[in-house]
Structures are given as C-alpha cells and as structure tokens.
Amino acid sequence: MDTAGEGSVDELLTRSERLLRASGLKHPEREAALCVAGVLGISAGELAIMRLLSRSCSDRDAQRVRVAVTRRARREPLQPILGSAPFMDFELAVGPGVFVPRYETESLVEIAIRYLQDARGTVIDIGSGSGTIAIALARALPEVTVVALEASPHAWPWLQRNIRTLAPRVQARFGSWETNLPSGKIAAICTNPPYIPQTEIPRDPEVRCFDPAMALYSGEDGLGEIRRIASVAARRLRSGGFVITEHTEAQGDAVQRCFTDAGLRDARTFRDLTDRPRFTVAWQQ
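Small disclaimer: the values here were computed from a predicted structure and weren't measured. (Residues numbered from 1 in each chain as written. Predicted model: local features only at pLDDT ≥ 70, side-chain atom pairs only at ≥ 80, totals over all residues. Heavy atoms only, no water.)

### Quick look at the pattern of salt bridges
Counted only if it meets this: Any carboxyl oxygen of Asp or Glu that lies within 4 Å of a side-chain nitrogen of Lys or Arg is treated as forming a salt bridge with it. A run of H or I in DSSP counts as a helix once it spans at least four residues, and a run of E counts as a strand once it spans at least two, with each numbered from the N terminus. Three exposure classes are used, based on accessible area relative to the maximum for each residue type with a 1.4 Å probe and protein chains only: buried under 20%, partly exposed in between, and exposed over 50%.
Counting across every chain of the model gives 21 salt bridges. Among the ionic pairs, glutamate 104 bridges to arginine 276, the shortest N-O distance being 3.2 Å. Taken as a pair, glutamate 104 in the loop between β4 (90-93) and α6 (105-116) and arginine 276 in the loop between β10 (265-271) and β11 (277-283) lie far apart in primary sequence, 172 residues in all. What makes glutamate 104 buried here is its relative accessible area of 13%. Between arginine 276 and aspartate 272 there is a salt bridge whose closest N-O contact spans 3.0 Å.

Structure follows, in structure tokens:
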C-alpha cells in the first residue's frame with residue numbers, strides 16, 4: 001500500500017458504490033467496502049482509516065478491485081469472488097461450482113452438537129459441498145468420526161482443500177452417497193440437501209445463476225432427496241441415533257411426515273436465528 005498512484009481508496013470506493021448501486025444491490029456502500037477490503041486483504045476499520053487519510057493502493061491492486069466489483073455487479077456472490085466464506089469460527093475456501101455456505105446452517109450445526117455431546121461413533125454429512133457441516137462437527141466433537149459425502153466433481157476439490165486445511169481427520173468420499181456410506185450403524189446424519197421444488201426458481205440471481213443446480217433442486221415438491229435420506233436413516237441409524245436436515249420455512253410439517261413415514265420417531269422442527277422453522281430432526285427407535 002502506498003500514498004500515491006492511480007488507485008485512490010476513496011475513488012475506488014466511490015466508483016464501486018456507483019456501479020453496484022446501478023446493478024440493483026440493496027446495500028451498495030457496504031458491498032463496495034466489502035469488495036475493496038476483501039481484495040486488499042484488510043479489515044473494514046483499516047479501509048476506513050485509509051480513506052480518511054487519502055491513501056492509495058498500487059495500480060495492480062486497483063485493477064484487482066475493479067475486476068472484483070465488476071463481477072459482483074453481475075450479481076456473482078461475493079464469497080466466490082473473494083475466495084472464502086466465513087462459517088462459525090473458521091473460513092472456508094469457495095469458488096465456482098460449489099454451494100456458498102449460509103449463516104443459517106450454523107444453527108443446524110449447533111443443534112447437532114447439542115445432541116452429540118459426549119457421543120462416539122460415526123456422523124455423516126450428506127452432500128457436504130465445501131465441507132461446511134462436516135468440518136464444523138469435527139472441530140467441535142473430537143470423539144466422533146465424521147464422514148463427508150459429495151457427488152459433485154465441481155465441489156469435490158473444494159471439499160478436499162478445506163478438509164486438508166481445517167479438519168484433516170474428516171473422511172471424504174466421492175460419488176453417490178448411498179453407495180459410499182460406511183459399514184455399521186450410524187450415530188447421526190446431518191445434512192443440508194437440495195430441497196427447492198423444481199418449479200420454484202429462486203428470485204435472487206446470486207442463487208439462480210451461480211449456485212449449482214444439484215445443490216438446490218429436488219423433485220416436484222423439493223422433498224425427493226429428503227425422502228431418500230429418511231429411508232436410509234431409518235435403516236442405518238443406531239438406536240437413539242438421529243437425522244437432522246435443513247429445509248425451507250414452509251416444509252417443516254412435510255419433512256416431519258417424511259421422517260415419521262420412514263419409521264423414525266419424535267420428529268420436531270427447530271427455528272433459525274430469524275425465527276423461521278428451518279431444521280427438522282428425528283430419532284431412531
């Protein structure tokens with residue numbers, strides 16, 4: 001960083017805000033600051049100080065900022081642009097082809113950890129993507145064996161990279177999750193599967209255009225994958241084991257029925273931090 005050059009931080013921010021506002025983003029000033037700070041590798045506070053002191057950055061960094069802001073203006077999610085996504089107390093490497101982790105899933109992990117306290121055995125993360133759930137569970141529960149299952153060749157490199165960096169003891173398996181389940185009974189299945197009905201295309205272009213379709217859609221009612229998971233859970237969970245899945249806020253009752261119809265018990269739905277019913281859990285007899 002220097003005090004001269006063409007890349008005035010104030011000018012970069014002003015131009016970025018203008019471009020992002022024209023693209024229809026709701027919070028262009030905040031988005032611009034996140035883009036600039038993320039590309040430069042500095043905090044929001046450091047960026048504010050640089051702007052106040054009329055600092056500049058190198059021409060190369062200014063060009064990197066312009067490229068990132070242009071991508072964001074096209075409504076590409078910010079996380080893949082910057083190459084990382086925060087989740088709980090760690091950062092996941094993400095990029096094109098992998099589902100971007102959402103903060104709501106932190107609540108699913110917290111519920112699972114609560115029920116797995118002092119537990120041993122095998123915990124499965126179905127459709128692991130970047131490794132969000134598997135890594136969080138492995139870091140919080142050293143006594144359990146965590147297996148991450150992923151079928152997407154685009155997500156697989158990101159899963160391997162994040163496990164290697166953040167939780168090396170997680171076992172990752174590539175291909176159909178039904179054929180890659182480990183032998184023996186399972187303590188828990190924790191998953192954020194595809195659950196959007198095929199006819200309900202998301203409005204947000206960040207989701208519609210950039211999240212992988214296989215991570216979003218699952219049959220006419222969105223419950224196809226959850227039914228498969230429920231069936232396998234009923235057969236493979238050990239006594240007292242549980243399955244927990246994320247879903248839309250309108251699917252809680254239907255997911256409970258999926259679990260109950262499969263032979264699981266005590267299905268109940270939990271709310272996320274914004275008080276929406278987003279997670280359903282059920283137990284083996």
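### What to know about the packing of helix α1 (residues 9-22) against helix α3 (residues 44-52)
Using the following cut-off: The convention used is that axes are lines fitted to C-alpha atoms, helices contributing only their stretch in contact, and that angles between N-to-C directions extend from 0 to 180 degrees. For classification purposes, angles smaller than 35 degrees are called roughly parallel, those larger than 145 roughly antiparallel, those between 65 and 115 roughly perpendicular, and all remaining angles oblique. For this analysis, residues touch if any pair of their heavy atoms sits within 4.5 Å. The nonpolar class holds Ala, Val, Leu, Ile, Met, Phe, Trp, Tyr, Cys and Pro. Asp, Glu, Lys and Arg form the charged class, and all remaining residues, Gly among them, are polar.
Where α1 meets α3, the closest approach of the two axes is 8 Å, and the angle between their N-to-C directions is 110°. Taken together, the axes of α1 and α3 lie roughly perpendicular to each other. Contacts between α1 and α3 pair Val9, Asp10, Leu13, Thr14 and Glu17 from the former with Leu47, Met50 and Arg51 from the latter. Looking at the contact of α1 with α3 residue by residue, the class counts come to four nonpolar, one polar and three charged.

### Overview of helix α11 (residues 224-236)
Definition in use: Multiplying one less than the number of residues by 1.5 Å gives the expected span of a helix.
A rise of 1.5 Å per residue sets the reference length of α11, with its 13 residues, at 18 Å; its end C-alpha atoms lie 19 Å apart and thus fit the reference within 8%. Buried within α11 are the following residues: Glu225, Ile226, Ile229, Ala230, Val232 and Ala233. Where α11 is buried, its residues meet β5 (121-126), α9 (177-180), β8 (186-191), β9 (237-246) and α12 (252-262).

### A word on the environment of arginine 71
Selection rule: Under this definition, polar contacts are N or O atom pairs within 3.5 Å; protein pairs additionally need one hydrogen-donor-capable and one acceptor-capable atom, and for neighbouring residues in sequence, both atoms have to be side-chain atoms.
Mapped onto the elements, arginine 71 comes out in helix α4 (residues 59-73). Residues arginine 71 and cysteine 209 lie 138 residues apart in sequence; the distance between their C-alpha atoms is 13 Å. If sequence neighbours within four positions are ignored, arginine 71 has contacts with Glu76, Pro80 and Ile81. At 2.6 Å, the side chain of arginine 71 and the side chain of glutamate 76 are in polar contact.

### With respect to the nonpolar core
Condition: Grouping buried Ala, Val, Leu, Ile, Met, Phe, Trp, Tyr and Cys residues that are joined through side-chain atoms within 4.5 Å yields what is termed a nonpolar core.
Ranked by internal contacts, the top residues of the largest apolar core, which has 41 residues, are Leu137, Val170, Cys190, Phe242 and Ile244. Once residues within four sequence positions are removed from consideration, phenylalanine 242 is found in contact with Ala112, Tyr115, Leu116, Ala187, Ala188, Ile189, Cys190, Leu237, Val281, Ala282 and Trp283. Formed by 28 residues, the second largest nonpolar core is a distinct cluster that contains Ile124, Tyr195, Ile229 and Ala282.

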